[in-house]
Amino acid sequence: MWPELFYLCVSLLSPSSSSDVMLLDTTEATSELGWTTYPDTGWDEVSVLDDRGRLIRAFEVCNVASSNHSTSHWLATPFLQRGSAPRAFVSVRFSVRDCSSLRRASPHCRETFTLYYRQADTQRELERSWGGTGGEGETREGWVKIDTIAPDRSFSRTQPNQNQNQKQTRHTLNLKTRSFGPLTRHGFVLAFVDTGACISLMGVSIFYRQCPQTTRNLAVFPDTPSGAEPAALVPVGGTCVAHSQSQPGAPPKLHCNAEGDWMVAVGGCVCDQGHQPNHNSTSCQACPVGQYKSSVGLIPCSPCPAHSRSVTTGSRLCECDSGYYRAPSDPEISACTGCRTTLPTSPYSAYCVLLGWFLSWELWDMYSLLW
């Protein structure tokens, strides 16, 4: 569109967090994007090579020679379904030409552009409502300004490239990320508005952030979109893992912040009898054979007391070995005691008394007669 610009090979830096859910990424398109422009003489769509030799789509505008500084050039994305997002983010890679380096720039040349968004329930609701003079007093019904975007660095000159027999513009790409919301309709459109700058949009990503599913304090917390406001903390109740139950008076709860991070844990779950928490408190595991756990809580399983055993996993108690017993008054978790065949040497020594009897047939017959 203008001879002073030559595109560098670039790759769009998508949000690296695994909790970002992408709604639009221009690097995924292999053909024309077909975004809406107004007027038609404003933004142009072009193809450039990224650093891996792949074609990516980009948009450029450079109407800096126009004397009408109030003219706005709009570039609008397709209608995007927001899903469960109460707030969205846009990440833009772009370059801006320094006005002082342009030969035919008007006194009204700018080095900024503005972001707008508009909500709707269907694509049909959206009409090209960005026409008009674009003056300061103009009202664009339904469009909400996100921010005016200025580059950290602009480029200004063309220098020879030592590795190629051609000239390459040495300019620095800028990366800006903004959030917008709250989103209450089914979807939205994002618009880039130029009022007299030399801009190249090299990549656009639109996404929302969510706290990913996690397990903490023996409770599972589902994927949760971040809040509608930048400082919002979304409280989320957890579900206790298998073989566990909520702490009395303190059910599990986490809070999801605007960056998609979990924070402020409250309460939790405890393992049932016969189960113990694993090393990172993400599950309750059955006590192995030979161990037991008689109470609900976070304590680990214990070896069976002396002369007792557990023959299955997940045992609540241990059974006495053959020949060993617990008195009715003994706790269920106490050691088992064996029977003595000789008189005790101590009044506190345990012993067993074996009783036996027989009934002769003669006595049985007499008992039957009397009956």
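That block above? That's the structure.
Residues numbered from 1 in each chain as written. Predicted model: local features only at pLDDT ≥ 70, side-chain atom pairs only at ≥ 80, totals over all residues. Heavy atoms only, no water.

(A) Layout of the environment of E45. Relative to the helices and strands, E45 resides in strand β3 (residues 44–49). Spatially, the C-alpha atom of E45 lies 8.0 Å from that of L33, the residues being 12 residues apart in sequence. Beyond its immediate stretch of four places on either side in the chain, E45 contacts E32, L33, G34, W35, R57, A58 and F59. Of note is the side chain of E45, whose polar atom sits 2.6 Å from the backbone nitrogen of L33. (Helix = DSSP H or I, 4+ residues; strand = E, 2+ residues; numbered from the N terminus. Contact = heavy atoms within 4.5 Å. Polar contact = N/O pair within 3.5 Å; in protein donor to acceptor, adjacent residues only side chain to side chain.)

(B) Spatial organisation of the sheet that holds strand β18 (residues 234–237). The antiparallel open sheet is built from three strands, whose spatial order is β18-β21-β22. Both outer strands of the open sheet, β18 and β22 (262–266), are each paired with one neighbouring strand and no more. Strand after strand, the sheet turns through a mean of 30 degrees between neighbouring axes, direction not considered. (Pairing = 2+ DSSP bridges. Axes fitted to C-alpha atoms, helices over the stretch in contact; angles between N-to-C directions.)

(C) Focus on the packing of aromatic side chains. Tallying each qualifying case throughout the model produces 10 aromatic pairs. Ring centres of W35 and F59 lie 4.8 Å apart, and the angle between their planes is 25 degrees; this geometry places the pair in the stacked category. Taken together, the positions of W35 in the loop between β1 (20–25) and β2 (36–38) and F59 in strand β4 (residues 55–62) put the pair 24 residues apart, joining distant regions of the chain. Using a relative accessible area of 9% as the deciding quantity, one classes W35 as buried. Centroid distance F113 to F192: 6.3 Å. Interplanar angle 45 degrees. Geometry classified as tilted. Note that F113 is positioned in strand β8 (residues 113–120) and F192 in strand β13 (residues 187–194), a separation of 79 residues in sequence. As far as the burial class goes, F113 and F192 line up, both buried. Members of the aromatic cluster, each reached through a chain of ring pairs, are W35, F59, F94, F113 and F192. Sitting above the plane of the F89 ring, R209 keeps its charged end 4.4 Å from the centroid. (Phe/Tyr/Trp six-rings, centres within 6.5 Å; stacked < 30°, edge-to-face > 60°. Buried < 20%, exposed > 50% of the residue type's maximum accessible area, 1.4 Å probe, protein only. Lys NZ or Arg CZ within 6 Å of the ring centre and 35° of its normal.)

(D) Summary view of unusual backbone geometry. Between Y38 and P39 the backbone carries a cis peptide bond, its omega angle lying at -10 degrees. The topology assignment puts P39 in the loop between β2 and β3. For the bond running from G181 to P182, omega is 5 degrees, close enough to zero to count as cis. Tracing the sequence through the fold places P182 in the loop between β12 (174–180) and β13. Not every positive phi belongs to a glycine, and L218 is a case in point at roughly 65 degrees. Residue L218 is classed as buried on the basis of its relative accessible area of 2%. Even without being a glycine, S281 presents a positive backbone phi close to 55 degrees. Along the chain, S281 falls in the loop between β24 (275–277) and β25 (284–286). Given the relative accessible area of 29%, S281 is considered partly exposed.

(E) Layout of the state of the cysteines. Considering all chains together, one arrives at eight disulfides under this definition. One disulfide in the model links C287 with C301; its S-S distance is 1.9 Å. Taking the sign of the S-S torsion, about -80 degrees here, the bridge from C287 to C301 comes out left-handed. Taken together, the residues span a long stretch of sequence, with C287 in the loop between β25 and β26 (291–292) and C301 in the loop between β26 and β27 (302–303) at a distance of 14 residues. As far as burial versus exposure is concerned, C287 and C301 are alike and both buried. (Disulfide = S-S within 2.5 Å.)

(F) Highlighting a nonpolar patch on the surface. Together, L233, M263, V264 and V266 give the surface a local cluster of nonpolar side chains, amounting to about 300 Å² of exposed area. Residue position: V266 is located in strand β22. (Patch = residues over 30% accessible without salt bridge, like charges linked within 9 Å, V, L, I, M, F, W, Y side chains within 5 Å. Areas by Shrake-Rupley, 256 points an atom, 1.4 Å probe, with all protein chains shown as cover. Salt bridge = Lys/Arg side-chain N within 4 Å of Asp/Glu carboxyl O.)

(G) Examining the pairing of strand β21 (residues 253–256) more closely. In the sheet, β18 pairs with β21 via four bridges, with the strands oriented antiparallel. Within the sheet, the bridge partner assigned to V234 lies in β21 and is C256. Of the strand pairs in this sheet, β21 and β22 are connected by three bridges, and their pairing is antiparallel. Opposite K253, over in β22, you have V266 as the bridge partner. Count of turn residues in the β21/β22 antiparallel hairpin: five residues, of which G260 carries a positive phi of about 80 degrees.

(H) Expanded view of the nonpolar core. With 28 residues, the main nonpolar core has F113, F180, F192 and L201 as its most contacted residues. Taken together, the elements giving at least two residues each to this core come down to β4, β7 (88–96), β8, β9 (143–149), β13 and β14 (198–211). Ranked by residue count, the leading element in this core is β7, at five residues. Ranked by size, the runner-up nonpolar core spans 12 residues in total, among them L218, F221, L254 and W262. (Core = buried A, V, L, I, M, F, W, Y, C linked by side-chain atoms within 4.5 Å.)

(I) Quick look at the sheet that holds strand β19 (residues 239–240). If you walk across this open sheet you meet the three strands as β15-β16-β19, and the pairing is antiparallel. In this open sheet, the two strands that pair with only one neighbour each are β15 (214–216) and β19. Sheet topology note: the strand β16 (residues 219–221)/β19 ladder contains two bridges and is antiparallel. Its bridge partner being in β19, A219 is matched across the sheet by C240.

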